[in-house]
Every structure is written in C-alpha cells, then in structure tokens.
Amino acid sequence: MASEYKIAFYGIIISLLSFIPWGIVAAIIVAVNRDSNLLGLAYISLSQISLPIIGKLPLLPFETVALMAAVDLSASNAYLMFGLGILGALLLAAGSVMVGYGFYGLYKQEQNTLCLITALIMMIGFGALAVIIPLGLLPTTTLSPWSLIFYHYFSLAIPLTQTTISRMWLGVATGITALIVIVGYILMGVTMITIRTKTPKPDNMLAAGILSILGGLLFLGVIGIVLVFVAYILLAQVFDELRK
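For clarity, every value in this text was computed on a predicted model and none was experimentally measured. (Residues numbered from 1 in each chain as written. Predicted model: local features only at pLDDT ≥ 70, side-chain atom pairs only at ≥ 80, totals over all residues. Heavy atoms only, no water.)

Trainee: Describe the nonpolar core, naming the residues involved and giving the relevant values.
Mentor: Judged by nonpolar contacts, the single largest core of 41 residues is most densely connected at Phe103, Tyr185, Tyr232, Leu235 and Phe239. Contributing elements (two or more residues each) for this core: helix H1 (2–17), helix H4 (75–110), helix H5 (113–136), helix H7 (167–194), helix H8 (202–217) and helix H9 (222–242). When residues of this core are assigned to their parent elements, the largest contribution, 10 residues, is made by H9. (Core = buried A, V, L, I, M, F, W, Y, C linked by side-chain atoms within 4.5 Å. Buried < 20%, exposed > 50% of the residue type's maximum accessible area, 1.4 Å probe, protein only. Helix = DSSP H or I, 4+ residues; strand = E, 2+ residues; numbered from the N terminus.)

Trainee: So what's going on with the pattern of salt bridges? Residues and values would help.
Mentor: As enumerated under the stated definition, the model contains 2 salt bridges in all. Note that Glu4 is salt-bridged to Lys108, the shortest N-O span being 2.6 Å. Of the two residues, Glu4 sits in helix H1 while Lys108 sits in helix H4, which places them 104 residues apart along the sequence. With relative accessibility at 37%, the residue Lys108 sits in the partly exposed group. (Salt bridge = Lys/Arg side-chain N within 4 Å of Asp/Glu carboxyl O.)

Trainee: Provide a residue-level description of a nonpolar patch on the surface, including the pertinent values.
Mentor: Residues Leu206, Ile210, Leu214, Leu217, Leu218 and Ile223 make up a contiguous nonpolar surface patch of about 540 Å² in total accessible area. At 4 residues, the largest contribution of residues to the nonpolar patch is made by H8. Within the element layout of this structure, Ile223 appears in helix H9. (Patch = residues over 30% accessible without salt bridge, like charges linked within 9 Å, V, L, I, M, F, W, Y side chains within 5 Å. Areas by Shrake-Rupley, 256 points an atom, 1.4 Å probe, with all protein chains shown as cover.)

Trainee: Describe in detail unusual backbone geometry, supporting the description with residues and values.
Mentor: The bulk of non-glycine residues show a negative phi, and the bulk of peptide bonds are trans. Phi is positive for Gln111, close to 55°, though the residue is something other than glycine. With respect to the element layout, Gln111 can be found in the loop between H4 and H5.

Trainee: So, the packing of aromatic side chains: which residues are in play, and what are the values?
Mentor: By the definition in use, this model includes 7 aromatic pairs. Their ring planes at 65° and their centres at 5.4 Å tell us that Phe126 and Tyr185 sit as a pair that is edge-to-face. Pair noted here: Phe126 is in helix H5 and Tyr185 is in helix H7, with a separation of 59 residues, a long-range link. On the basis of relative accessible area, Phe126 is assigned to the buried category, the value being 0%. Ring-pair connections join several aromatic residues into one group, and the members of that group are Tyr5, Phe103 and Phe239. A cation over an aromatic ring shows up here: Arg243 above the ring of Phe9, its NZ or CZ 4.5 Å from the ring centre. (Phe/Tyr/Trp six-rings, centres within 6.5 Å; stacked < 30°, edge-to-face > 60°. Lys NZ or Arg CZ within 6 Å of the ring centre and 35° of its normal.)

Trainee: Any chance you could break down the packing of H1 against H9 for me, citing the residues and the numbers?
Mentor: At a minimum axis separation of 8 Å, H1 and H9 run at an interaxial angle of 160°. Classed by the angle they form, the pair H1 and H9 counts as roughly antiparallel. The way H1 lies across H9 gives a crossing that is left-handed. Counting all contacts with H1, which are made through Tyr5, Ala8, Phe9, Ile12, Ser15 and Leu16, the residues of H9 involved are Phe229, Tyr232, Ile233, Leu235, Ala236, Phe239, Asp240 and Leu242. When its residues are assigned to classes, the contact of H1 with H9 shows 12 nonpolar, 1 polar and 1 charged. (Axes fitted to C-alpha atoms, helices over the stretch in contact; angles between N-to-C directions. Parallel < 35°, antiparallel > 145°, perpendicular 65-115°, else oblique. Left-handed = near helix turned anticlockwise from the far one by under 90°. Contact = heavy atoms within 4.5 Å. Nonpolar A, V, L, I, M, F, W, Y, C, P; charged D, E, K, R; others polar.)

Take a look at the structure:
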C-alpha cells in the first residue's frame, strides 16, 4: 500500500512541474493576441490614407485583419508552443495517472467508491490529455494574410505561407480538456473532503479538497490554477505521511 502512496507523491511533483510549460504557452498566447490587436489597428489606420507609390492598402475582412499577427507567430513559435504543449500534457498526464494510482490505494484501504471514481478519472481522463492537448496544438500551414496585399498589386506574386495553430482544433481540445479538468478536480476535492478523517492529516485534506473544488470551477483563470497548485502541495503532504 505504501508504494501506491509513494507513486502518488511523486506524481504530484510531476503534475506541479507541468504548470511551467503551460505558463509559457499562456504567455505566448497573450503576447500574440496583444500583437494581433496592435497590428490590426495599425493596418486599419494605414488603409485610410494613400501611401507613396503603393497607394491605398486593400480593404480586408475583419477576420483577416485580426489574424495578421499570426504572421508574427512564425513557424518556430508555433512549433515551440507545440513542443511545450506536448511537454506539459505528458507531465500532467503522467503525474495525474500516478496520483490516480494513489487514490486507488485509498479505495483498496477504505473501500470508498468516490476514491475509485476519482482514480479512474485521474488515470483515464487526465491520461487522455497526453493525446488531446497535442492534437489541439498541432501546427498547420496556411496562406499568409499578408500575401493578399501582394496579390492585390502583383499578379505573379509568390504565395507566402505561415505555420499557425488551427483555431478549430485548439477550441475542441480546449473544450474537452476543460471538461475533464473541471470535473476531475471537483470530484477529487469532494473525495478528499469525504475521506479526510481516514488520513493522517485531515486538516490538509479538508483544505486541499476545498481548494481543489474552487480551483476546478475557476481553472480557466489564473486564480483557479493557483488554487489547484496549492491543493496539490497539501495533498502531497498527506501522501507523504501515508507512504511512511
């Protein structure tokens, strides 16, 4: 039984490490969205005046203008996000499977159904994120919005391409990931609260359970991630005691 708790303890550490690449990916997305707004405003402003030699820039659809910053999201950045996404997904999936194994140990010890359900969600649901998240971040090659300008003035322009993240698959992967994570952390929180008196650190389990539930509800925001991070630390202390 102690080996299962030992695995769960190290699984929490691995899960905590997965937050590092996710933080970098989030920073890149925020930076790209900011550049998109600035570049879109700049283009719209320039299209209102007649430029020397060039004349007026062609009017482009709003969606195209909004995506123009994707040109700045070069192939290297797109593949950087893909690599970080894979790293974060693998760490989170592996750590969650190990944590789920710890809850399976609690199920064998206490015969609590919630422990078994939590173990299954952590091991199967979170484990599936190792595939779902990378698929959502898979880079695709598309026609650059900037090439529309060249096509407007030069009929023999060479097509320009860019490597970006497909927004459709990213949205699907984000939705599925959010569902798994929210349900998983809420259920894990309820389980920790339910079995807290059966553990050597009931206060830690109670606090971790409450934070896990709140973190699950708010996980798509910074506050939720911080709450889950703290909940993991408290849970690690409990599994550390159980493995002794």
